[in-house]
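# Chain and residue survey
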Amino acid sequence: MLGKTAGSLFWMARYLERSENNARLIDAGFRIALTRSSTARSEWRSVLVTAGQDHYFRAAHGEDYTSQRVVDFMLRDPANPSSILSVVKRARDNARTARTYLTREVWEAVNTSWMTLGALLKRQVREDDLPDVLAAIRQQSALVRGAFGGTMLRNDGYNFSRIGTFLERADNTARILDVKYYLLLPSVAHIGTSIDNVQWETILRSVSAHRAYHWLYGTEISALKIAEFLILYRQMPRSLAFCCDQMNNNLGWLHRSYGEESEAVQMAAAMCRDRLSRPIQAIFDGGLHEFITDFLSANAALARQIERDYRFVE
Amino acid sequence: MLRGKGRGIQFFDEMVGQGGEVRSPYREYHDWFDREDAARIQRKAQQAEAFFRTTGITFNVYGEDEADERLIPFDVVPRIISAREWRRLSRGIEQRVRALNAFLHDVYHRQEILRAGRVPVELISRNEAFLPMMMGMDPPGGVYTHISGIDIVRTGPDEFYVLEDNARTPSGVSYMLENRETMLQMFPELFAKISVREVGDYPLNLLKSLSACAPPACNGTPTVAVLTPGIHNSAYFEHSFLADQMGAELVEGHDLRVVEGRVAMRTTQGYTPIDVLYRRVDDDFLDPLNFRPDSMLGVPGIWDVYRAGGITIANAPGTGIADDKALYSYMPDIIEFYTGEKALLPNVPTWRCSEPEHLKEVLARLPELVVKEVHGSGGYGMLVGPAASKKEIAAFRAKLEANPRNYIAQPTLSLSTVPIFTRTGLAPRHVDLRPFVLMSPQGITITPGGLTRVAMTKGSLVVNSSQGGGTKDTWVLED
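The paragraphs below set out a description of the structure included in this document. (Residues numbered from 1 in each chain as written. Chains lettered and ligands numbered in written order. Predicted model: local features only at pLDDT ≥ 70, side-chain atom pairs only at ≥ 80, totals over all residues.)

### As for the overall build of chain B
On a plain count of helices and strands, chain B comes out with 14 helices and 22 strands. Here chain B has a C-alpha radius of gyration of 23 Å; the compact-globule value for 479 residues is 23 Å, and the two agree. With the C-alpha coordinates aligned to their principal axes, the bounding extent of chain B is approximately 65 × 55 × 45 Å. Burial analysis of chain B (479 residues in total) assigns 44% to the buried set. The long-range share in chain B, meaning contacts at least 24 apart out of those at least 6 apart in sequence, stands at 69%. (Helix = DSSP H or I, 4+ residues; strand = E, 2+ residues; numbered from the N terminus. Rg over C-alpha atoms; globule rule 2.2 N^0.38 Å. Buried ≥ 20, exposed ≤ 12 C-beta atoms within 10 Å, placed from the backbone. Contact = placed C-beta atoms within 7 Å.)

### Observations regarding the interface of chain B and chain A
With 18 residues of chain B at the interface, the matching set in chain A holds 20 residues. Listed by contribution, the elements that provide at least two residues to the side of chain B that touches chain A are α2 (38–55), α9 (236–246), β7 (249–251) and β9 (262–267) of chain B.

### Observations regarding the sheet that holds strand β14 (residues 369–373) of chain B
Read across the sheet, four strands follow the order β13-β16-β14-β15 (chain B) without closing on themselves; strand pairing throughout is antiparallel. Whereas interior strands pair on both sides, the edge strands pair on one side only; in this sheet they are β13 (351–352) and β15 (383–384) of chain B. (Pairing = 2+ DSSP bridges.)

### So, the pairing of strand β8 (residues 256–259) of chain B
Residue and element names in this part refer to chain B. Of the two faces of β8, only one is covered, namely that formed by L256 and V258; the face formed by R257 and V259 stays uncovered. Across four bridges, β8 lies against β9 in antiparallel orientation. For V259, the partnering residue across the bridge sits in β9 and is R262. Between β8 and β9, which pair antiparallel and follow one another directly, the connecting turn spans two residues, one of which, E260, has a positive phi of 45 degrees.

### Some thoughts on the sheet that holds strand β10 (residues 270–273) of chain B
All names here are of chain B. Across the sheet, which stays open at both edges, the three strands sit in the order β8-β9-β10 with antiparallel pairing between neighbours. Here the strands that pair on one side only, and so sit at the sheet edges, are β8 and β10. When strand polarity is set aside, the average angle formed by the axes of neighbouring strands in this sheet is 45 degrees. Here β9 pairs with β10 via four bridges, running antiparallel. The partner of A264 across the bridge, within β10, is P273. (Axes fitted to C-alpha atoms, helices over the stretch in contact; angles between N-to-C directions.)

These figures capture arrangement, not role.
Next comes the structure, spelled out in C-alpha cells:
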C-alpha cells in the first residue's frame, strides 16, 4: 500500500482515539469541578495540561480557567487546534485521503461522526447538556470502532490504524500519569490520610476504569495499586503494557507480512521488554516521574520511527 | 428545434406527449408511480439525500470555503431511454469517438486533415491544448481517448444532437453509479418489474480497458493508479470512488517519482512501478520539469518516461484539443474524413465568431443565442441570451467584440424535459445526457445510459452542477 495511505490510516486512528480521550478528560474534569468548587480552576488547568492544550488556552484566554471556558475550549474553540471538533475534522480528512482503504461502513461511520459532532458543537454547549454531548462523542467513536472491527480486512492498512490507536492511547494514559504522578508518590500515600479519594477517582475515570479497578482490587485504594493497574496490568485496555503488547502484535504482523524487520519492530519490542517487564515496586524505586518521562519520549520516538520505516512521507 | 423568443413554445417531454399520453418507455414506470403514495416517495427522496451526505458524495464549489461541501441535488424520477433509441445513440457515439481518436492520431502525426484543408491550421496551431511535444509520439495501443464523455441533448422524438465532446477528463461517472445504487436501495420493486440495463460494471470495464493499454515496459498484470490533485479538488469523491471500485491505488504527485526509468509510487515497502496512470489532473500540471514548473500536482520527469514507453497516461496528453468548441463545429467533417461515413449524430449548428460573417450574424441575434467560450467548461463564462438581462447582453457584446476568436454561438435549443418529483407532483425540467465511453485496442465500450443532468429550476436550460443543476438515474431498457 502507499506510504501516504498508511500514514493517513495511522493518523485517522490517532485522531479518533484522541477525541475520545479528550471527551473522557472533560468528563472527569467536569465531575471534579462540580464536587470541588474550591480547586476547580487548578483541576481544569491540569486537564488542559494532560491534553497538551494548556499552551493554546493561555494564549487565547489567559488564566480564565472556568468550567464553561475550558469545556468550550476543549470542545470547539477555533483557537484550539486540538479541540474535539478540529480533531474529528482531521480524522475525517485522513479518512478521505485513505478512502480507498476503508470499507464503506467505516468511512460512513467516520463521516457521520464528523457531521453529527459538527451539528452538536455548532453552538456553545450548555452545562446541563454536557453529559449528553460527551455521551454522543463516546457513542460516535464506538460506532466507528464497531464498523472498523467488524468490516475491515486484516491487512496492512488495518494494522497501521491499530498501531495509531494504541500509540495514541499509551500517550494519553502516560500523560494522565505524568500530570498526576505526585498524587501517587509513596511519600504522599504514606502520610496518614489516605490518598485523596476524589483525585484518584478522577484518574481512574479519565481512563474509564474505576469500576474495573474495584472489581480487581476490591476496596483497597493504594498508589502502588493504581500505578500498577495503569502501567502494568495487561488486561486493562488502556494500560501502557496492554497498548505496548498490541503495538507489538500489529508491528509483528507487518514484520511477518513484509518479510522484513523494521527498526520500529525492534523499538517496540524493546519498549515492552525494558520498561514494562518489571514489578511496579522497581518502577517506583527508579522514580515514577522519570519512568513516565522516559516512556513518553520512547513512545514519541517509536511514532517517528514508524513514519520513517513505512515511508509515510518522503 | 429553435426556441423562439415568445412564450408558449412547446418542449418535447420525454415522459408525456402533447395529448397527455404516456410515451412507451415510461409506461410501466408511470403505472407504478400512479399507484404509489406520494408521501412515501417524498420520504424516500429525503432518505436519498441523507444517504448521499453519509456516503460523502459531495463536491466542493470553487471559490467557496473548503468546509462547504455541497450535494448535487438528486431527483428520484428516472430518465428512461428505449432499447431502440439507445442502439441508435450508441452507434453514433461509437462512430464519433473513433473519429476523435483517429483525428488526434493524425494531428500528432502526418496532419493529413490539415493538408486536405478540411480543418483550418490555426485551429490547431492556436489551440492552447495542442502539445507540440506529442508530435510523432505513439501512445501505447494507439489510444488517445481512453475515457470520453459525449454530451447529448434531445429536442424531439428522433432528434438527438451532440452538444459537446469531453475528451480531456470527463467527470460525473461516479454520480451515474451512485444514482443507480440509490435507486436500487430506495425502489427495489421497480427493478423487479422493469428490465433496466446494468451500469455497475463500469469500474471493472474501466480497469480492463486501461489494463489493455499497458505500455511496452509492463510485464505481468498491469498496475493501474488514479492520479488526483487531492482531497480539496472538487471531484475528489469521484477519484477515490473509481480507485476504490477498481482496486487501484489513489495517488497524488508527491507519492510518485521516477525510479530507474519508471514512474513509481512510494509504498510502505519502497517504490513500485506504475504501468497505467489514469490521471485526473490537466496536462499543464503533469510534469513540472516539462510543463508548468510551479506545479506541485505532477511528477517531475514523467514525460520522459512516457516517451520511452515506460507508462501509459490516460487520457493521452494533448487530447484536450478535441474539447475545443471551435473545433467542435468541424466534427461532422472530421467524422467523414476518418470514417468515410456521414455523422450518425448531428452537431448543434454553430457559429464561429472568429469568422467575420458569422460574428456579424451572432451580434445581430445575441438575445436569442447561447454564446460559449471556446475553452470554457462547467457552464462558466457563457451567455444564455433569452435568459439574460439587457445589461448582461451589452456586457457580453463588448467581450465578444474584443475577442471574437474566443467564442462560438449556438441557437438556444429547446432541450427536452423529463419530470422531476416536487412537493406538488411531477414537473417538467430540462435535461441533457453524458454517456461515458471507454476505448482500448480491444474496442469501444459504452455504458448503457450515462449521467442525466437536470436543471432543477423551472424553465432553466443550464444543467451544470456548478450552476445548481441536479442529476437523475438513467435507464436504458432491455429489448
